[in-house]
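Chain by chain, the residues:
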Amino acid sequence: MIHKIWMGLFTVGIIYSFFYGKETYMENRNPMEYKPVFPLLMSMAIPPMISMLIQSLYNIIDSIFVSQLGEEALTAVSLIFPLQNLSLAISCGIGIAMNAFIARHLGAKDDNKASYYATQGIVMSLVHSLLFLIIGLFFIRPFLNMFTTNQNVINYGMQYGMIVVSLVIGQFIHLAIEKMFQATGNMMMPMIMQIFGAVINIILDPILIFGYFGLPAFGVAGAAIATVIGQFSAASLAFVLFKKYNTHLHISFKKFRVDFHVISQLYSIAIPSSVMMCLPSVLVSLLNGILSSISQSAVAFFGVYYKLQTFIYMPTSGIVQGMRPLMSYNYGAKLKERMHQILKVSGLVIAAILGAGTLLFFIVPNVLLSLFNASSGMLEIGETGLRILSLSFIVSSFGVLMSGVFEALGLGKYSLIVSLLRQLLITVPLAYILLNIMGIEGIWLSFVIAEAIASIVAYILYHKKFKTI
């Protein structure tokens, strides 16, 4: 009788161990190394997709509200955009570098090393935010003078730029913590942070611009104040959430010293990533110089287009953000086949998003432009412009995908090559050449050609690298 009881208990134990024990083992492993790729990718990508769509939405809403103040105000905000994008590029570049090294060391089961890289990255973020304080205080007017002599535009630009460029420390803190969460596979916290900051910005925009609830009407400066308050709100929430929900990283500044070896490693990804994200700023500035010789409406339209295109590219950036820690982690864990699965699934999703963007811009350009109180001059330029530019979305799919993959593997130089081709080396000289041949439509066509060439080069680099992994 007793031996039957023992045999029964033994059998139950075997069954229990097979099902529950297996599940416990799986739970003790990081989901990034065993869960099915598509649902895992989407679970990691949808939160940043949502947060960045909202980010894009409040950038667009900023411009919609500012456009009510007139085309000069909208032009001023468009001219300041490159400096805003520069600060975003550097803060994201540092965050992407932190993300890659943290995820790689977590994949190698070295939490202490991951935490060490995180601490060095946070200090880098704080130092770089101070550089923008200097730029915002002393270089806004010289920057604006490069593109316009219209005193009203310069005044609007000064009001907006000195605030949003000088006070970017909230953005730097928020993005550093966001990338640390993403490196551990937690994508919900970054989404909550982004939504929180964006909602505050959206609520404050009309109140501060037009002066509701007894507050003075700050005009363009009100849009800048709302943006900065939104960034600081997101940073404050990020700090609270990280302190409460972080489990993998242990940040400590006791006995902190600058580790130049680690910083150089972080810069090896941060610089190419930042340069890549700075390229739109350089591109917009150079093309604004060309477009200003055509008309103010052309400059205003191009600024509107760049706000609208972020609404298309931000979801793909969400996919890349979800993919990047997956690739880094599985690279560190030496799971080559899983890396290929992640690459394939991510590419298909990115192509679907950008294809939808092409259809939207091609079919209803007038509806999109009407959101910005477009003048007849802007509509005349913009309807054809958006249709041509829309073709660049679907063509860019592979280049966008591979830029993220190269970053995840620490191949910053490859990612930089693809981005330089996409957004600078081909576009600007080709725009100038085609302008003289085809008129302003030639400028828009240069984007499509550049994206096609960059995707071809990305494909060649991809085959070169993945043969060695």
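In the block above lies the structure referred to throughout.
Heads up: these notes are all about the structure in this document. (Residues numbered from 1 in each chain as written. Predicted model: local features only at pLDDT ≥ 70, side-chain atom pairs only at ≥ 80, totals over all residues. Heavy atoms only, no water.)

## Brief notes about the environment of S274
Tracing the sequence through the fold places S274 in helix α10 (residues 260–291). Reaching out from S274, the side chain makes a polar contact with the backbone oxygen of A89 at a distance of 3.2 Å. (Helix = DSSP H or I, 4+ residues; strand = E, 2+ residues; numbered from the N terminus. Polar contact = N/O pair within 3.5 Å; in protein donor to acceptor, adjacent residues only side chain to side chain.)

## Overview of the packing of helix α8 (residues 188–210) against helix α9 (residues 220–245)
Running from amino to carboxyl end, α8 crosses α9 at an angle of 155°, the nearest separation of the two axes being 8 Å. In terms of orientation, α8 lies roughly antiparallel with respect to α9. Considering only the axes of α8 and α9, their crossing is right-handed. Residue classes in the contact of α8 with α9 are distributed as 17 nonpolar, six polar and one charged. (Axes fitted to C-alpha atoms, helices over the stretch in contact; angles between N-to-C directions. Parallel < 35°, antiparallel > 145°, perpendicular 65-115°, else oblique. Left-handed = near helix turned anticlockwise from the far one by under 90°. Nonpolar A, V, L, I, M, F, W, Y, C, P; charged D, E, K, R; others polar.)

## Here's the deal with the side chain of E451
Topologically, E451 is positioned in helix α18 (residues 440–466). Its relative accessible area of 6% is what places E451 among the buried residues. Sequence-distant contacts of E451, defined by excluding residues within four places in its chain, comprise Y313, S392, V395, S396 and R422. (Buried < 20%, exposed > 50% of the residue type's maximum accessible area, 1.4 Å probe, protein only. Contact = heavy atoms within 4.5 Å.)

## A short note on the packing of aromatic side chains
Under the criterion given, the structure shown has 21 aromatic pairs. Ring geometry for Y305 and F447: centres 6.3 Å apart, planes at 80°, overall edge-to-face. Placement of Y305 in helix α11 (residues 296–332) and of F447 in helix α18 is noted, with a sequence separation of 142 residues between them. Under the relative-accessibility criterion, F447 is labelled buried at 6%. Summarising the aromatic geometry, the rings of Y459 and Y462 are spaced 6.3 Å apart at their centres and angled 45° between planes, so their arrangement reads as tilted. Taken as a pair, Y459 and Y462 lie in helix α18 at a separation of three residues, close to a single helical turn. The partly exposed category is assigned to Y459, whose relative accessible area is 45%. Aromatic rings pair up to connect F81, F301, F302, Y305, Y306, W444 and F447 into one cluster. (Phe/Tyr/Trp six-rings, centres within 6.5 Å; stacked < 30°, edge-to-face > 60°.)

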